[in-house]
Amino acid sequence: MTSPTPLRTGHLRVADGNELYHEAFGNPEGPAVLWLHGGPGSGSMAGHRRRIDPDRQQAVTFDQRGCGRSRPLVTERLDLLDQNTTPAQIEDIEALRRHLGIERWTVTGASWGSTLALAYAQAHPDRVTGIALFAVTNTSTEEVEWITEAMGRVFPEEWELFADAVDREPGERLVDAYARAMRDPSPDVRANAAAAWGRWEDTHVSLGPGWSPDPRWQDPPVRDVLATLVTHYWSNSGFGGDEIVGRMDRLAQVPGVLIQGRHDISSPAVTAWNVHRAWPGSELFVLGDGHGGQDSVAELTRAIARFAV
């Protein structure tokens, strides 16, 4: 399936001086499928366009506040960082839905996008026809501790370099030290921390079949946005990530598909399992992928075909 021609693109002004780049593809009268990108801070890419039937459905995405083609970038306005939270992004999603005249939609996402998708759906279950996620995360305190501290048992050499690349105060968590470094007034401190963070990210996603280094970590402006937003959100446990599993009863009437790679060490399958157990209306597929991959995307596309009708 080829990517359909864009129907609508633009910037939507939302709270705190942010303007969100958004785009919609496919049939504007058809059921809508929202894609929430990962990171936080990665920005959206064109892959979501290929997951719909453009004659029958429409695909919607946007660059979350502070990244991608949205304005301003977080690195340009660090003073806005404290207003960049999950509740604020949920309001952004609702503002976009109203702006596009969409009553209800299927919500999809991967990695951080799956955290945001679940948080949004729990806040507005009446606006969601179905949920399809892969590389499932909650961005909980436990998950953040695993990915930034405990995973050093799997990659001890790389973790030591990661831990030594930033100054830590006594008793300070590594993720908090990186979040602090990404707010440092010195550009060199921020750049060095972002580069080290990117090396660690490439390390812990490297076990998936067909893995290759992420070029975004070699692009300093993109890398700095990513590192600033990831450390900000992870340092704050996703601004509610610890509560997601306990709120799954809010989605009792919403069908869901959870797609997880068995080789995804960054987002171990236990998170998808715990969400599935707390969500009777969900299906869980455990595949041979790592942190996403072709099989996960194919399963996501099948779920969209079922939900977006």
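Shown above is the structure to which this text applies.
Bear in mind the structure is a predicted one, so any value in this text is a computation, not a measurement.

Rules and cut-offs
- Sequence order as written defines residue numbering, which begins from 1 separately in each chain.
- In view of the model being predicted, local features appear only for residues whose pLDDT reaches at least 70, and side-chain atom pairs are presented and counted only at 80 or more, with totals across whole chains, interfaces and linings using the full set of residues.
- Water and hydrogen atoms were dropped before computing side-chain values, which therefore reflect all heavy atoms in the structure.
- Put simply, DSSP marks the helices as runs of H or I at least four residues long and the strands as runs of E at least two long, and each gets a number from the N terminus on.
- Each radius of gyration reported is based on C-alpha atoms, and the globular scaling rule is 2.2 Å times the count of residues to the power 0.38.
- Whether two residues touch is decided by their heavy atoms; if any such pair falls within 4.5 Å, the residues are in contact.
- A residue counts as positive if it is Lys or Arg and as negative if it is Asp or Glu; His and the chain ends are not included.
- A charge is said to be at NZ when it belongs to Lys, at CZ for Arg, at CG for Asp and at CD for Glu.
- Throughout this description, the term nonpolar core refers to a set of buried Ala, Val, Leu, Ile, Met, Phe, Trp, Tyr and Cys residues connected via side-chain atoms within 4.5 Å.
- The rule is simple: take the accessible area with a 1.4 Å probe, protein chains only, and divide by the maximum for that residue type; under 20% is buried, over 50% is exposed, in between is partly exposed.
- By convention in these notes, a salt bridge is any Lys or Arg side-chain nitrogen within 4 Å of a carboxyl oxygen on Asp or Glu.
- Geometry is summarised by axes, namely lines fitted to C-alpha atoms with helices restricted to the contacting stretch, and by angles between N-to-C directions that run from 0 to 180 degrees.
- The cut-offs work like this: below 35 degrees is roughly parallel, past 145 is roughly antiparallel, 65 to 115 is roughly perpendicular, and the gaps in between are oblique.
- Just so you know the grouping, Ala, Val, Leu, Ile, Met, Phe, Trp, Tyr, Cys and Pro go in nonpolar, Asp, Glu, Lys and Arg go in charged, and all remaining residues, Gly too, go in polar.
- Stacked, tilted and edge-to-face pairs are distinguished by plane angle, under 30 degrees for stacked and over 60 for edge-to-face with tilted covering the rest, among Phe, Tyr and Trp rings (Trp via its six-membered ring) whose centres lie within 6.5 Å.
- Charge-over-ring placement is defined geometrically: NZ (Lys) or CZ (Arg) within 6 Å of the ring centre, and within 35 degrees of the ring normal.
- DSSP calls a pair of strands paired once it identifies at least 2 bridges connecting them.
- If you view a crossover with the strands going away from you and the path from the first strand over the helix to the second runs clockwise, you call it right-handed.

### Some thoughts on the overall build of the protein chain
Part 1 of the argument: The helix and strand tally for the protein chain stands at nine helices and eight strands.
Part 2 of the argument: For 309 residues, the compact-globule estimate of 2.2 N^0.38 gives 19 Å, and the C-alpha radius of gyration of the protein chain, at 18 Å, lies within 12% of that figure.
Part 3 of the argument: The principal-axis extents of the C-alpha atoms in the protein chain amount to approximately 55 × 40 × 35 Å.
Part 4 of the argument: Once local pairs closer than 6 in sequence are excluded, the contacts in the protein chain between residues at least 24 apart make up 72%.
Part 5 of the argument: Separation between the mean location of the 29 positive side-chain charges and that of the 42 negative ones in the protein chain comes to 6 Å.

### Focus: the nonpolar core
Part 1 of the argument: Counting 66 residues, the largest nonpolar core has Trp105 and Trp197 as the members making the most contacts within it.
Part 2 of the argument: If we ignore the near neighbours within four places in the chain, the residues touching Trp105 are Ala32, Leu34, Val60, Ile93, Arg97, Tyr120, Arg127, Val128, Thr129 and Gly130.
Part 3 of the argument: One finds Val33, Val257, Leu300 and Phe307 within the second-largest nonpolar core, a separate group that totals 16 residues.

### Considerations on the pattern of salt bridges
Part 1 of the argument: Taken as a whole and assessed by the stated rule, the structure comprises 21 salt bridges.
Part 2 of the argument: Between Glu23 and Arg69 there is a salt bridge, and its shortest N-O distance comes to 3.8 Å. Of this pair, Glu23 sits in strand S2 (residues 19-26) while Arg69 sits in the loop between strand S4 (58-62) and helix H1 (86-100), and the two are 46 residues apart along the sequence.
Part 3 of the argument: Classification of Glu23 as buried rests on a relative accessible area of 3%.
Part 4 of the argument: Taking relative accessible area as the criterion, Arg69 reaches 35% and is therefore assigned partly exposed.
Part 5 of the argument: Among the ionic pairs, Arg77 bridges to Asp79, the shortest N-O distance being 2.7 Å.
Part 6 of the argument: On the basis of relative accessible area, Arg77 is assigned to the partly exposed category, the value being 36%.
Part 7 of the argument: Here the salt bridges share partners, and the residues they tie into one network are Glu23, Arg49, Asp63 and Arg69.

### Some points on the packing of helix H6 (residues 187-204) against helix H7 (residues 220-235)
Part 1 of the argument: At a minimum axis separation of 9 Å, H6 and H7 run at an interaxial angle of 75°. Between H6 and H7, the angle is such that the two are roughly perpendicular. Contacts from Ala191, Ala194, Ala195, Trp197 and Glu201 in H6 reach Arg223, Asp224, Ala227, Val230, Thr231 and Trp234 in H7.
Part 2 of the argument: A per-class count over the contact of H6 with H7 returns seven nonpolar, one polar and three charged.

### Thoughts on the packing of aromatic side chains
Part 1 of the argument: Considering all chains together, one arrives at ten aromatic pairs under this definition.
Part 2 of the argument: Each ring, one from Trp105 and one from Tyr120, has its centre 6.5 Å from the other, and the planes form 70°; the classification is edge-to-face. Taken together, the positions of Trp105 in strand S5 (residues 105-111) and Tyr120 in helix H2 (residues 112-123) put the pair 15 residues apart, joining distant regions of the chain. With respect to class, Trp105 is no different from Tyr120; both count as buried.
Part 3 of the argument: Members of the aromatic cluster, connected to one another through ring pairs, are Phe155, Phe162, Tyr178, Trp197, Trp200 and Trp234.
Part 4 of the argument: Over the face of the ring belonging to Trp35 we find Arg51, whose NZ or CZ atom lies 4.4 Å from the ring centre.

### Structural notes on helix H5 (residues 174-181)
Part 1 of the argument: In terms of burial, H5 is a largely internal element, six of the eight residues being buried.
Part 2 of the argument: Buried within H5 are the following residues: Leu174, Val175, Ala177, Tyr178, Ala179 and Ala181.
Part 3 of the argument: As for H5, its buried residues are in contact with helix H3 (141-148), helix H4 (156-164), H6 and H7.

### Observations regarding the pairing of strand S7 (residues 256-261)
Part 1 of the argument: With six of its six residues buried, S7 lies for the most part within the structure.
Part 2 of the argument: Going residue by residue along S7, you find Gly256, Leu258 and Gln260 tucked away on one face and Val257, Ile259 and Gly261 tucked away on the opposite face as well.
Part 3 of the argument: Where S7 and strand S8 (residues 282-287) come together, six bridges link them in parallel fashion. Residue Ile259 lies in a different strand from S8, and its bridge partner there is Phe285.
Part 4 of the argument: Regarding the hand of the β-α-β motif, the stretch spanning S7, helix H8 (residues 269-277) and S8 is right-handed.

### Description of the packing of H1 against H2
Part 1 of the argument: At a minimum axis distance of 10 Å, the contact between H1 and H2 shows a crossing angle of 70°. The angle between H1 and H2 places the two elements in the roughly perpendicular class. Contacts between H1 and H2 pair Thr86, Gln89, Ile90, Ile93, Glu94 and Arg97 from the former with Trp112, Leu116, Ala119, Tyr120 and Ala123 from the latter.
Part 2 of the argument: Partitioning the contact of H1 with H2 into residue classes produces seven nonpolar, two polar and two charged.

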